[in-house]
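# Residue-level structure breakdown
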Number of protein chains: 2
Amino acid sequence: MRWCDRPRRGFLSRFPTLYTSIVDAEIIAIGSELLTPYKQDTNSLFLTERLNPLGIEVRFKSVVGDRRSDLVSVARIALSRAGLIIFMGGLGPTEDDLTRECVAEALGVELRRDPDLIAGLYKRFARFGSSMTPNNERQADVLAGAEVLPNPNGSAPGQFLRTLSAGHEVMVVLLPGPPHELKPMFDAEVAARLRSRNQKEFIAGRHLRVAMMGESLCDSRIAPIYTRHKEVETTILAGAGDISLHLRARAASQALAEQRVDTLAEELEDALDEHVYSSKGESLEQVAGYFLQLRGASVAVAESCTGGLISERITSVPGSSRFFLGGAVAYSNELKSQFAGVSPQMLEDYGAVSPQVARALAEGIRARCGSTYGIGVTGIAGPAGGTAEKPVGLVYHAVADGKNSEVVERKFLGDRERVRAWAAQQALDMLRRRLMKQ
Amino acid sequence: MRWCDRPRRGFLSRFPTLYTSIVDAEIIAIGSELLTPYKQDTNSLFLTERLNPLGIEVRFKSVVGDRRSDLVSVARIALSRAGLIIFMGGLGPTEDDLTRECVAEALGVELRRDPDLIAGLYKRFARFGSSMTPNNERQADVLAGAEVLPNPNGSAPGQFLRTLSAGHEVMVVLLPGPPHELKPMFDAEVAARLRSRNQKEFIAGRHLRVAMMGESLCDSRIAPIYTRHKEVETTILAGAGDISLHLRARAASQALAEQRVDTLAEELEDALDEHVYSSKGESLEQVAGYFLQLRGASVAVAESCTGGLISERITSVPGSSRFFLGGAVAYSNELKSQFAGVSPQMLEDYGAVSPQVARALAEGIRARCGSTYGIGVTGIAGPAGGTAEKPVGLVYHAVADGKNSEVVERKFLGDRERVRAWAAQQALDMLRRRLMKQ
């Protein structure tokens, strides 16, 4: 979510020690590019999402470059503290792809070059009409005792090894770094192997989302509730007009874990009432689109300072052509008149950034497009263009349905990107609230 | 950048060992929420960007939760392998804010509660009209020997300590987790302290960007060049129609480091010619906007499958009202006619997704808005709506200037989001290339 950038801390309730995880995992991302300012590991979020329902908690994450001694040392540290270690990246054919060798060294096992894998590599290259250089054979090196995980989306296979380290059982997984190779491989090959162990603990999660509510107001309403539910971990993340409540519970069965998060979710939804727009993590535009379809309704948008963002969010939902007719990005005054029928006199009298013009945009675009609802937004995104009377961050939002037009004035703080994100969120939330009330 | 998601590996040339870094850094992000699927450390990218020009290389990154023993152990490991350790987060007033105590324990130094800091905390609370609970006093605990770093944007101060660990000098920095506290504190307090050491090595960077060029074509043109320049590290990241070339060089002076990246950048720009749109990391919409202003020109957009994304990108640039007049998101056929004057007969004859309609959208929106250029895009973003003849991913892009209209057909692979990102990139790049040619 582009507008979620500020974590809220201090809300995080702790798990009672009763529920210590059966398996603690460490995820290790390998690659010097991950130590530059340009590139970040994102695979670990995907893996965590998949591991938690299997009763596996991620306890450490590490990032290390392509330096042999560093990689061996990081692998040794992980072997001393985790029951499941997932190495990502460094499985390619080049000299700085060192994961196989370094993990073998840390584990004290041998690498064996698998003839079947070599044959497969040559076949793969032939299929793409190129001849394989010998350095690619390194990708056929397998940790002694490991199972090979096929990679239909790339040349380097993954590996899965169950072994002993310092007397405790440890599972070691090697996965390729590119997300489009790693994700299908985890789902097809790794999940089932992790599930097959005798699982004694289950984790369930829920994701509630709240729109256009102040963080402190939200917290004051829900803190008395989630602090009572110590069996559920509640993480609160807040962005521009959007608060995410992540609930997680552990229990001895999946049903009990689900019941725990569901009970808390229900109480939170009651307390937050119409501010909650999503009970399973759906986006605001998905929810608005869902209600539009449910009501057989449609929407059109005339936006100025948001510059296309509202239309872009609505049309990001697959199938949105069923409820989105179109919109106008009316930056200049002339186009506010031409596309949404705003009268030049009104623009003259009140200025482009005014409640009157927001309303006229909503009503005009609705009439032009023949939609059930019209959205109009006009404001000053900054950094320039503000005055004492109409400062940067001042935005007017309107929703029209042919009978009632609602206009909301807001003064948003932050830079251009943040003002635009807030304004789009406000407009979509006005539409959502109106649709829910019906 | 939403469309940059696939790292390219194997291109990463290694630094000659001649230039080992004076200081190797480890960045440690603390907080159990960073081990969930929902929240990711992003501060480390900012810190890396700031540390590199100071001649400091990030060698390890770690993420650890709010568990005391884990945090002490991670701190001890860092002390054994890094010359600069930056701890982020866990400085708040609550019970699970353990960074101060755990770092003290790992270092074997005492914590001292600073009376001036306590007074400051009480004052801060009074200023916001609330009374301070005693647990907040923990935020006044300072590592023996550490300098206190003021935090104008939050209650928890940072700390900076120069000490010895296992016989080598180590710098330990504690920073608050929230980005809006961490970033100003680093710039105001930490950067100068790191700079004051006797710097013997400098790092310079450059960021070239390439639009709508195949990855393998790009690599075949530049590999012979960057492999010759072993003194410069080249990282290549590729996304939907966008390739980033990150160059970094180390040297004994800043001037020499700059000269190294500049020399390589020049050779790469020559080889890639008009495909390079940015030589200092500017976005495609910034560059297009820059040329529009330079030529005293303007643009209007009529987009269908991109749903507002092109307008949104153009208007994300501050000051874009000087060159962007407006646009239409013409999802339905009726609106293609109404907003951009596409004739119903043409829509009937060729279908909405056709080169004729793309061209008519570009020419029509240009005429309607009175802009110098018009952009028209129509296509099938998917997942539904494709046919054998017109599959998902088929997009037509047009740019009109009143004399020549150019239409480009592309078949993009990937999901809805990716097709839309590619299509917006293609359209903006067509505009950029036309503007550059003039």
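Residues numbered from 1 in each chain as written. Chains lettered and ligands numbered in written order. Predicted model: local features only at pLDDT ≥ 70, side-chain atom pairs only at ≥ 80, totals over all residues. Heavy atoms only, no water.

### Observations concerning the interface of chain B and chain A
Operational definition: Residue contacts follow a heavy-atom distance rule, with two residues in contact if any of their heavy atoms lie within 4.5 Å. Each of two parts loses accessible area, computed with a 1.4 Å probe, when they are put together; buried area is these two losses added. For this document, the term salt bridge refers to a Lys or Arg side-chain nitrogen within 4 Å of an Asp or Glu carboxyl oxygen. For helices the rule is a DSSP run of H or I covering at least 4 residues; for strands it is a run of E covering at least 2, with both sets numbered from the N terminus onward. Three classes are used, and their members are as follows: Ala, Val, Leu, Ile, Met, Phe, Trp, Tyr, Cys and Pro are nonpolar, Asp, Glu, Lys and Arg are charged, and the others, Gly among them, are polar. Here a strand pair is declared whenever DSSP counts at least two bridges between the two strands.
Contacts between the two partners involve 81 residues from chain B and, on the opposite side, 81 residues from chain A. Here chain B packs against chain A, burying approximately 6800 Å² in sum over the two surfaces, 55% of which is carbon and sulfur. Scanning the region where chain B abuts chain A turns up four salt bridges. For E312 of chain A, the salt bridge is made with R420 of chain B, and the minimal N-O distance between the two is 3.4 Å. A total of seven residues in the side of chain B that touches chain A trace back to one element, the largest contributor, which is strand β3 (residues 56-64) of chain B. In terms of residue class, the side of chain B that touches chain A is made up of 29 nonpolar, 29 polar and 23 charged. Here strand β3 (residues 56-64) of chain A runs beside β3 of chain B; their pairing, made up of five bridges, is antiparallel. When the sheet's bridge partners are listed, K61 of chain A is paired in β3 of chain B with V63 of chain B.

### Describing the environment of V172 of chain A
Residue and element names in this part refer to chain A. Condition: Residue burial is assigned from relative accessible area. The probe radius is 1.4 Å, only protein chains are included, and a residue is buried under 20% of its type maximum, exposed over 50%, and partly exposed in between.
Relative to the elements of secondary structure, V172 occurs in strand β9 (residues 168-175). Owing to a relative accessible area of 1%, V172 belongs among the buried residues under this scheme. Spatially, the C-alpha atoms of V172 and I225 are 40 Å apart, while their sequence positions differ by 53 residues. Filtering out sequence-adjacent residues up to four positions away, V172 remains in contact with L79, I85, F87, V103, L107, Q159, F160 and L161.

### Observations concerning the pairing of strand β8 (residues 158-165) of chain B
Strand residues, when the strand is regular, have side chains that alternate between the two faces of the sheet. Residues and elements named next belong to chain B. One ladder, built from three bridges, connects strand β7 (residues 147-149) with β8; its direction is antiparallel. Within the sheet, the bridge partner assigned to L149 lies in β8 and is G158. Bridge count between β8 and strand β9 (residues 168-175): seven bridges; the pairing is antiparallel. Paired with S165 across the two strands is H168, which belongs to β9. A loop of two residues connects β8 with β9, the two strands running antiparallel in sequence, and A166 in this loop sits at a positive phi of about 50°.

### Here's the deal with the relation of the copies chain B and chain A
Heads up, the rule is: We place the copies in one frame by least squares, fitting the C-alpha atoms of every residue whose pLDDT is at least 70 in both.
Turning chain B through 180° and shifting it by 0.1 Å along the axis lays it on chain A, with an RMSD of 0.2 Å. Within this description, the copies of the chain are treated as partners about a two-fold rotation axis. When the interface residues of chain B are mapped onto chain A, 100% of them again fall at the interface, so both copies present the same face.

### Some details on the pattern of salt bridges
The final tally for this structure, using the stated rule, is 55 salt bridges over all chains. Among the charged side chains, a salt-bridge network with shared partners connects E57, E201, E233, R248 and R250 of chain A.

### Some words on the sheet that holds strand β15 (residues 324-330) of chain A
We apply this condition: To get an axis, a line is fitted to the C-alpha atoms, and for a helix only the part in contact is used. The angle between two axes follows their N-to-C directions and goes from 0 to 180 degrees.
The mixed open sheet is built from ten strands, whose spatial order is β18(A)-β17(A)-β16(A)-β14(A)-β15(A)-β15(B)-β14(B)-β16(B)-β17(B)-β18(B). Each edge of the sheet is formed by a strand with only one pairing partner; in this case those strands are β18 (405-411) of chain A together with β18 (405-411) of chain B. Sheet twist, expressed as the average angle between the axes of neighbouring strands with direction ignored, equals 10°. Relative to β18 of chain B, strand β17 (residues 394-400) of chain B is paired through seven bridges, and the arrangement is antiparallel. When the bridges of β18 of chain B are listed, H397 of chain B appears paired with V408 of chain B. Those strands touched by helix α13 (residues 416-437) of chain B are β14 (299-303), β16 (373-379), β17 and β18 of chain B, and its axis lies near 25° from that of β17 of chain B.

### Structural notes on the environment of P134 of chain A
All names here are of chain A. Tracing the backbone through its elements, the reader meets P134 in the loop between α4 (115-127) and β6 (141-143). The class of P134 is exposed, set by a relative accessible area of 62%. Separated by 229 residues in the primary sequence, P134 and E363 have C-alpha atoms spaced 68 Å apart.

### Remarks on the domain arrangement of chain A
The cut-off we apply is this: Domain start and stop points were drawn from an automatic or database domain assignment.
Considered domain by domain, chain A is made up of domain 1 (22-195), domain 2 (202-278) and domain 3 (284-437). Each of domain 1 of chain A and domain 3 of chain A has a C-alpha centre, and the two are 48 Å apart.

### Concerning the packing of aromatic side chains
Just so we agree on the cut-off: Under the pairing criterion, centres of Phe, Tyr and Trp rings, with the six-membered ring standing for Trp, must be within 6.5 Å; the plane angle then separates stacked pairs below 30 degrees from edge-to-face pairs above 60, leaving the rest tilted.
Tallied over the full model, the rule gives nine aromatic pairs over all chains. Seen in terms of ring centroids, Y290 of chain A and F291 of chain A are 5.4 Å apart; in terms of plane orientation they differ by 75°. Their pairing is edge-to-face. Its relative accessible area of 14% is what places F291 of chain A among the buried residues. Each ring, one from F324 of chain A and one from Y331 of chain B, has its centre 5.4 Å from the other, and the planes form 80°; the classification is edge-to-face. Residue F324 of chain A is found in strand β15, and its partner Y331 of chain B is found in the loop between β15 (324-330) and α10 (333-340); the two belong to separate chains. The exposure classification of F324 of chain A matches that of Y331 of chain B, with both residues buried.

### Quick look at helix α1 (residues 43-51) of chain B
Residue and element names in this part refer to chain B. α1 sits mainly inside the fold: seven of its nine residues count as buried. Inspection of α1 places N43, S44, L45, F46, L47, T48 and L51 among the buried residues, and these make up the whole buried set. On its buried face, α1 is in contact with β2 (23-30), β3, β4 (84-88), β9 and α5 (179-195).

### Focus: unusual backbone geometry
All names here are of chain A. With an omega of 0°, the peptide bond between G382 and P383 qualifies as cis. One can find P383 in the loop between β16 (373-379) and β17 (394-400). The phi dihedral of D273 is positive, around 55°, even though this residue is not glycine. Mapped onto the elements, D273 comes out in the loop between α7 (254-272) and β13 (276-278).

### Some thoughts on the confidence of the model for chain A
Residues and elements named next belong to chain A. Spelled out, the test is: The pLDDT value tells you how sure the predictor is about a given residue, anywhere from 0 up to 100.
Residues at a pLDDT of 70 or more form 94% of chain A, whose mean pLDDT is 90. Across residues 1-21, confidence stays below pLDDT 50; counting only partners more than four residues off in sequence or on other chains, it has 76 contacts. Predicted as a complex, the structure gets a pTM of 0.85 and an ipTM equal to 0.84.

### Section: the pairing of strand β12 (residues 242-251) of chain A
Residues and elements named next belong to chain A. Most of β12 sits inside the fold, with ten of its ten residues counted as buried. Residues D242, S244, H246, R248 and R250 line one face of β12 and the alternating positions I243, L245, L247, A249 and A251 line the opposite face, and both faces are buried. Relative to β12, strand β10 (residues 202-211) runs antiparallel, the two sharing ten bridges. Across the sheet, the residue bridging to H207 is H246, located in β12. Pairing between strand β11 (residues 232-239) and β12: eight bridges, direction antiparallel.

### Describing the sheet that holds β9 of chain B
What links the strands of a sheet is backbone hydrogen bonding, and the strands pair in either a parallel or an antiparallel sense. Pairing in this open sheet of twelve strands is mixed, and the strands run β7(A)-β8(A)-β9(A)-β4(A)-β2(A)-β3(A)-β3(B)-β2(B)-β4(B)-β9(B)-β8(B)-β7(B) from one edge to the other. Only two strands of the sheet have a single partner each, and these edge strands are β7 (147-149) of chain A together with β7 of chain B. Strand-to-strand twist across the sheet, computed as the mean angle between neighbouring axes with direction ignored, equals 20°. Its contacts with the sheet place helix α5 (residues 179-195) of chain A against β3, β4 (84-88), β7, β8 (158-165) and β9 of chain A, and it is angled at close to 160° to β9 of chain A. On top of the sheet, α1 of chain B reaches β2, β3, β4 and β9 of chain B; it is set at about 150° to β4 of chain B, its chief contact.

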